[in-house]
Structures are given as C-alpha cells and as structure tokens.
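Here's the letter readout for the chains.
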Amino acid sequence: MLFRSQIAGLKHSGDAKRSLNYLQAVRGRKDFIFYDGNELNFLNNPGPGGVISGGANILPEDWKKIVDSSLNPYDSRKEDPGYCRHLWETGEKLKLFHFGYRSNPAAIIKTALKYMGIIKSNRVVEGTASITQEEEKRIHSLLIEYGLIK
C-alpha cells in the first residue's frame, strides 16, 4: 500500500486550472515537487517546481537557464534588462525547437542527437514512427541555424 507521504512529486501535463488544484492539495508539503510535463506550458507560464523536457537532450544549457530562472524568482539578475532579454530569447529558441520536434519527439530528438554526434544511430524502437523527410529537414535546419552543427 502506498501512503500519501511516500509520494514526493507529480508530473502534470494538462490545463493550468487543474494544476492549481494539485498545487493546492499539496501546499502543506514543502518537500513535494510539482513538475510540468508540457514544455510549451512551462515556457509560457514557468512554475516553481520545474519541467520534464525531452528537448533538454538537445539544448541542456538553455533549459537549465530557463528552469534556474523559474526556481529562483528573487534572483537580482532579473533587474537587468539585458538578462531578461536574454532569457526571453532563450525561451523563444526553446519554443522553436519544441515546435520542431513535437510532431514525433522520439525520432526527431534522436535524429538531432545523431547530427550533433552525441549518439550513433537515430533508430527508434519497433512501433515508434520513424522520422519523415520533412521532420528531418526542419530539425536539421534548426540545428544549423543555432550553430549546433555545421
């Protein structure tokens, strides 16, 4: 039997109203972590817990900046307009990549990692859709545009 006190976190992928209900239910648990399971929701409305992001495999440092900013709301750097502009630009970049792989995340992210030289094969498990030529072209262009590959 699983006791409520043994649950240390929750991943949520849904509307904001529902997530607020979850947050209210665990408000007394300071050790409870609430992760957003939708990158786009998190980029548009960063939460205090963090995000589970497939795109962090491609752009780990950019995701780190955005999540760190969300987890540290009183960071004095946020008073600097240049820092805020950089965060906004980073978020926009992450959104472009999200739109670049969201149609088929497993195959597209694996292909990006292969292009980047991180893995050797972009094969996906049986039953997972392979990457289409259009998807491959789109992610390849993004990788070049942002200097992740030549």
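Residues numbered from 1 in each chain as written. Predicted model: local features only at pLDDT ≥ 70, side-chain atom pairs only at ≥ 80, totals over all residues. Heavy atoms only, no water.

**Some points on a nonpolar patch on the surface**
Right, so step 1: A surface patch of nonpolar side chains, amounting to about 230 Å² of accessible area, comprises Ile33, Tyr35 and Ile52.
Right, so step 2: Relative to the elements of secondary structure, Ile52 occurs in the loop between helix 2 (39–44) and helix 3 (60–71). (Patch = residues over 30% accessible without salt bridge, like charges linked within 9 Å, V, L, I, M, F, W, Y side chains within 5 Å. Areas by Shrake-Rupley, 256 points an atom, 1.4 Å probe, with all protein chains shown as cover. Salt bridge = Lys/Arg side-chain N within 4 Å of Asp/Glu carboxyl O. Helix = DSSP H or I, 4+ residues; strand = E, 2+ residues; numbered from the N terminus.)

**Focus on helix 6 (residues 133–145)**
Right, so step 1: Counted at 1.5 Å a residue, the expected span for helix 6 with its 13 residues is 18 Å, and the 18 Å between its end C-alpha atoms agrees.
Right, so step 2: For helix 6, the set of buried residues is Glu135, Ile139, Leu142 and Leu143. Each buried residue of helix 6 sits inside an arc of 100 degrees when the element is viewed along its axis, so together they form one side. When the buried face of helix 6 is taken as reference, the exposed residues oriented beyond 90 degrees from it are Gln133, Glu134, Lys137 and Glu145.
Right, so step 3: Along its buried surface, helix 6 packs onto helix 4 (81–101) and helix 5 (105–115).
Right, so step 4: Of the residues one or two after helix 6, Gly147 is the one with positive phi, at around 70 degrees. (Expected span 1.5 Å × (residues − 1). Buried < 20%, exposed > 50% of the residue type's maximum accessible area, 1.4 Å probe, protein only. Arc of directions from axis to C-beta. Contact = heavy atoms within 4.5 Å.)

**Examining the side chain of Thr90**
Right, so step 1: Looking at where Thr90 falls in the secondary structure, it is placed in helix 4.
Right, so step 2: Residues within four places of Thr90 in sequence aside, it is in contact with Asp62 and Ile66.

**A few points about the packing of helix 3 against helix 4**
Right, so step 1: Remark: helix 3 packs on helix 4, axes separated minimally by 10 Å, with the N-to-C direction vectors making an angle of 125 degrees. For the element pair helix 3 / helix 4, the angle class is oblique. Between helix 3 and helix 4 lies a crossing whose hand is left-handed. Within the contact between the two elements, helix 3 uses Asp62, Trp63, Lys65, Ile66 and Ser69 and helix 4 uses Tyr83, His86, Leu87, Thr90, Gly91, Lys93 and Leu94.
Right, so step 2: For the contact of helix 3 with helix 4, a count of residues per class yields five nonpolar, four polar and three charged. (Axes fitted to C-alpha atoms, helices over the stretch in contact; angles between N-to-C directions. Parallel < 35°, antiparallel > 145°, perpendicular 65-115°, else oblique. Left-handed = near helix turned anticlockwise from the far one by under 90°. Nonpolar A, V, L, I, M, F, W, Y, C, P; charged D, E, K, R; others polar.)

**Focus on the nonpolar core**
Right, so step 1: Counting 23 residues, the largest nonpolar core has Ile58, Trp63, Phe97, Ile139 and Leu143 as the members making the most contacts within it.
Right, so step 2: Contributing elements (two or more residues each) for this core: helix 2, helix 3, helix 4, helix 5 and helix 6.
Right, so step 3: If we skip the residues at most four places from it in the chain, Ile139 touches Phe97, Ile108, Thr111 and Ala112. (Core = buried A, V, L, I, M, F, W, Y, C linked by side-chain atoms within 4.5 Å.)

**Regarding helix 4**
Right, so step 1: Taking 1.5 Å per residue as the helical rise, helix 4 with its 21 residues ought to reach 30 Å, and the 30 Å between its terminal C-alpha atoms agrees with that figure.
Right, so step 2: Within helix 4, the full set of buried residues consists of Tyr83, Leu87, Thr90, Gly91, Lys93, Leu94, Lys95, Phe97, His98, Gly100 and Tyr101.
Right, so step 3: At its buried positions, helix 4 is contacted by helix 2, helix 3, helix 5 and helix 6.
Right, so step 4: Its side-chain oxygen 2.9 Å from the backbone nitrogen of Gly82, Asp80 forms the N-cap of helix 4. (Polar contact = N/O pair within 3.5 Å; in protein donor to acceptor, adjacent residues only side chain to side chain.)

**Section: the side chain of Ser69**
Right, so step 1: Locating Ser69 in the fold gives a position in helix 3.
Right, so step 2: Each residue touching Ser69, except ones within four places of it in the same chain, is listed here: Lys78, Tyr83 and Leu87.

**Focus: the pattern of salt bridges**
Right, so step 1: Going through the model one piece at a time under the given rule, you end up with four salt bridges.
Right, so step 2: Among the salt bridges present, the one from Glu92 reaches Lys95, with a minimum N-O distance of 3.4 Å. Highlighted residues: Glu92 and Lys95, both in helix 4, separated by three residues, approximately one helical turn.
Right, so step 3: Classification of Glu92 as partly exposed rests on a relative accessible area of 29%.

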